Amino acid sequence: MAVAYRSGYKSSPVTARDTIIKLDSTKATDRRLINGPFRKATPAPKQSPVKKDTIPKDSLRRDTSSRDTGRMAMAADTGRKSASGLESEVKAHAEDSIIVDNENNIMYLYGKARVTYEDVELDAEYIRVDKKNHLIYASGRPSPKTGRYIGRPIFQQKNDKPSYADSLLFDYTTKKGKIFNPASEQDGNFISGGQAKKLNNEEVAYKNVIYSTCNEPYPHTHFGIVITKGIGEKHRIISGPAYLEIAGIPLPLGVPFGFFPKPESRASGVIFPTFGEDQRLGFFMRNLGYYIALNEYMDLTSNVSIYSRGSYELSTAARYLKRYKYQGNLTLSYGSHNYGLPGDPAAKDFNISWSHSQDANAHPGSTFSASVNAGTSSFYQNSPAGQNYSLTQLTQNNLRSSIAYGKTWAGTPFNLNVSLGHSQDITQKRVTLDLPTVSFNMSTLSPFDSKNRVGEQKWYQKITVGYSLQAQNKLNNIPESQLFTSETLTKRLQNGMQHTIPVALSLNVFKYFQFNTSANYTERWYLQSIRKRYDRDDPNVSPGTAVIDTVGGFARAGEYNLNAGMSTKIYSQANFGGKIKAIRHVMTPSLTFSYRPDFSDPSYGYYRTIVSEASIPYTYTAQTYSIFEQAVYGGPSAGRSAGIGLNIDNVIEAKIRPSATDTSNTDKKIAILQGFSVSTFYNFAADSIKLSPISFSGHTGLFGQKVNISFNGSLNPYVVQTRDSISNGAVVRYARSLARYSWQDGKFPMLTNLGLSMSGSLNSSSFSPKKQAQPNTMQNMTPEQSRQLSLINSDPGAYIDFTVPWNISFSYNFNYNNSGVTTTTTNTMMISGDVSISPKWKVQYSTNFDFNAMKLADATSFAIYRDLHCWDLSVQWLPFGYYKSYNVTIKVKSSILQDLKLTKRSDYTSNRYYGGGF
């Protein structure tokens, strides 16, 4: 036995058969092959004359007139026309030596030899060219140091992919030949072992070869089909008797004849289904389909699933890709499921999924993108198999879509964005649509500045002006059942246009202070507004409830506000003599003044007041409302505001002395607190409760920014008083703030809410130096990478990265709320990640832990993956909860054989929550 290497694949050495030529030593031609250049010449049997066809052991030391010898990477050119009729040029090269036997017209090449003739290229450790008989023999040889079989012949003709062999014999005029222990590949299909005989340029005869998806030479192949006899054509293999073999063990599964694909490109064909039983839908045949390769840019896959109790599912998926231009995929799905009793109407569901991305360089100045996921709210729950039982899909509460187009005009401050949006609440079964939203913006300009200005800017030249236009058509919070009715489109469609003009001025005052002032004007245009009224004569309206009427016609609303502020920076530093050299504190206080008039004043006409008639047993009721309160951009705010806002931002950093081994001798800066802000606002125009709640927030990073921590909260500076009231015959406690500060009573302001979050993602590469690699973009993506990316996008769970030994992601969230009467808290931790317990085994996990309930969430899941080289084994397990289930799958890695898999599954619909026995 020897060791063979397969060029082009990263794999460990595997044992391979030596040359398996079956030759007869009594024949001169075969005897020359048996002897070869690495063995001593053996005499032929006495009854057969010995033809001198080998090089004597000491031939290299003799100088004969009949032989020309060359040494050390010499090349030979036999381009002259000879008596044998050789017309084309044969180019030969070898790193060790070339020996030319002029007497027998044979050339021997040793050490990384290469022979080129017309469209044929051959590389091997040893090559012999017999020009008289037009034969080329090539083989490897055992390494003198390791004993491994090295220099296996590599044969390539025209644009065919290279073929490998232990040895081969080839007639370069007829293009016929024999290949022993061949190994070739065509788009994910591999042929290895046995023998092959090249009949012509289009056909090859095979004997005892293995057809598999493994890229390692025999006998490493774990799984394959042994073709005892067959003919290989350009796009297929026509086989005689063939049987299945696993790890070298034949199985009693065979066929008398067959056709095996050997495509050079994508080809259309049938997708085989899977069979099984669903606890509620009955026996099934899932994902019977047909794949159509429309062209080199687009393909189409259609599938159907049928259940014995009358349910069915249909889906069509199209993928498209044009390099340096765009890529995307579109999926249309429909399902009819009978989950109820016999005779109940079936649940009809549909879903549309579309994603599209455009290369940034395809159309400079314009962009187009799409991310659509829309359909009925019950689609994912009723069609779990169509989504590979994805827990993420089954537990989602919202569906969102966005289609956006952007345009920027070079050399101008203008840009345009147009988008269509969709938001769907699966739980409430309500939909919000934006049809469409238009945004036209002008970046800020300095109208009083000159392009040809000389010298420093004047104060008035620093004034900036901007403009923004927003327009929207919207269907807001519409029930799914009413979405496509005529009344919804005519009476519930909201539209509006908003213009915003900001004017700002920024100056440096007294060297250390930054002065900012601004004025903002907003104008809103609508084609409808609302009116409210009380109607106590209508029995369908409860007492005290206002009736809302929509009034058509143009209506406008304008508002403005003024702001001015001053800010500076204060630096302080504490120096130390130890490892910590210094700690620096940077404080940025800012003081702002703002003014906004009361737009609820009747003179503006934006607000109205309604008063009900008094009648026994109901007294009168009064209500002030905005006629734009249901508009897409709302209306001007009520209440006058004139006050001062205070904000203090803090940053704390430490300077660490360099270690003794640090040759750069540079101090290291570490952020202790990246930001901590405290802010409040005092409204002089308010009647009482003039001071707003004191809010605070901060964030920082730990372990080299690998763990992020953020927090926020607010404090109520006023005394809170609790009272009792009666509602519906029950005593209800409520809280209200008194016009008295809590510190006047010697108390700290009450904490009304607090939020703390901590998240991070760690893996083995986080603690090793990062290597600079070429960015993986659409510009440098190969066609094979694009195809693999499409597979990952269609089934993200199918991609497992075994190159990362371990990875962990976590997120901790704590929230506290205090209304003055009751307090509520949430305290959860989410952990997910994976670990490679060996180079071929990986375990994935994901869970949520509720510290209040002290239990794991129902979404806990585990997965185990085993890399079987050409195959993948995966086990997915949800141990408890509503979606309790397991799934075991073994499948082929080859991209063209993704549907060749074996699955054992326990659906979540069979557990006890559904009345099953799981």
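Scroll up a little and you will see the structure.
Here we summarise the structure given alongside this text. (Residues numbered from 1 in each chain as written. Predicted model: local features only at pLDDT ≥ 70, side-chain atom pairs only at ≥ 80, totals over all residues. Heavy atoms only, no water.)

Here the focus is the pattern of salt bridges. Counted by the stated rule, this structure contains 19 salt bridges. The partner of K842 in a salt bridge is D834, and the shortest N-O contact between them spans 3.1 Å. Each member of the pair K842 and D834 is classed as buried. When salt bridges that share partners are traced, they join E118, D119 and K175 into one network. (Salt bridge = Lys/Arg side-chain N within 4 Å of Asp/Glu carboxyl O. Buried < 20%, exposed > 50% of the residue type's maximum accessible area, 1.4 Å probe, protein only.)

Scanning all chains against the criterion turns up 24 aromatic pairs. Pairing F676 with F711 gives two aromatic rings, centres 6.0 Å apart and planes at 35°, and the pair type is tilted. Of the two residues, F676 sits in strand β45 (residues 668–683) while F711 sits in strand β47 (residues 707–716), which places them 35 residues apart along the sequence. Taking the centre distance of 5.0 Å and the plane angle of 70° together, the rings of Y682 and F684 count as edge-to-face. Taken together through their ring pairs, the aromatic side chains of Y526, Y560, F599, Y604, Y606 and F628 make up a single cluster. Positioned above the aromatic ring of F284 is the side chain of R286, whose terminal nitrogen or guanidinium carbon lies 3.8 Å from the ring centre. The side chain of K322 reaches across the aromatic face of Y297, ending 5.5 Å from its centre. (Phe/Tyr/Trp six-rings, centres within 6.5 Å; stacked < 30°, edge-to-face > 60°. Helix = DSSP H or I, 4+ residues; strand = E, 2+ residues; numbered from the N terminus. Lys NZ or Arg CZ within 6 Å of the ring centre and 35° of its normal.)

What follows is about a nonpolar patch on the surface. Side chains of L314, L330, L332, Y334, F350 and I352 sit close together on the surface and give an oily, nonpolar patch of about 470 Å² of accessible area. When residues of the nonpolar patch are traced back to their parent elements, those giving at least two are β30 (326–337) and β31 (347–358). Per-element accounting of the nonpolar patch gives the leading share, 3 residues, to β30. You can see I352 is positioned in strand β31. On the accessibility criterion, I352 (34% relative accessible area) is partly exposed. (Patch = residues over 30% accessible without salt bridge, like charges linked within 9 Å, V, L, I, M, F, W, Y side chains within 5 Å. Areas by Shrake-Rupley, 256 points an atom, 1.4 Å probe, with all protein chains shown as cover.)

Formed by 32 residues in total, the largest nonpolar core has its most connected members in L109, V115, I127 and V129. Counting 13 residues, the second-largest nonpolar core is a separate cluster that includes Y526, Y606, Y607 and F628. (Core = buried A, V, L, I, M, F, W, Y, C linked by side-chain atoms within 4.5 Å.)

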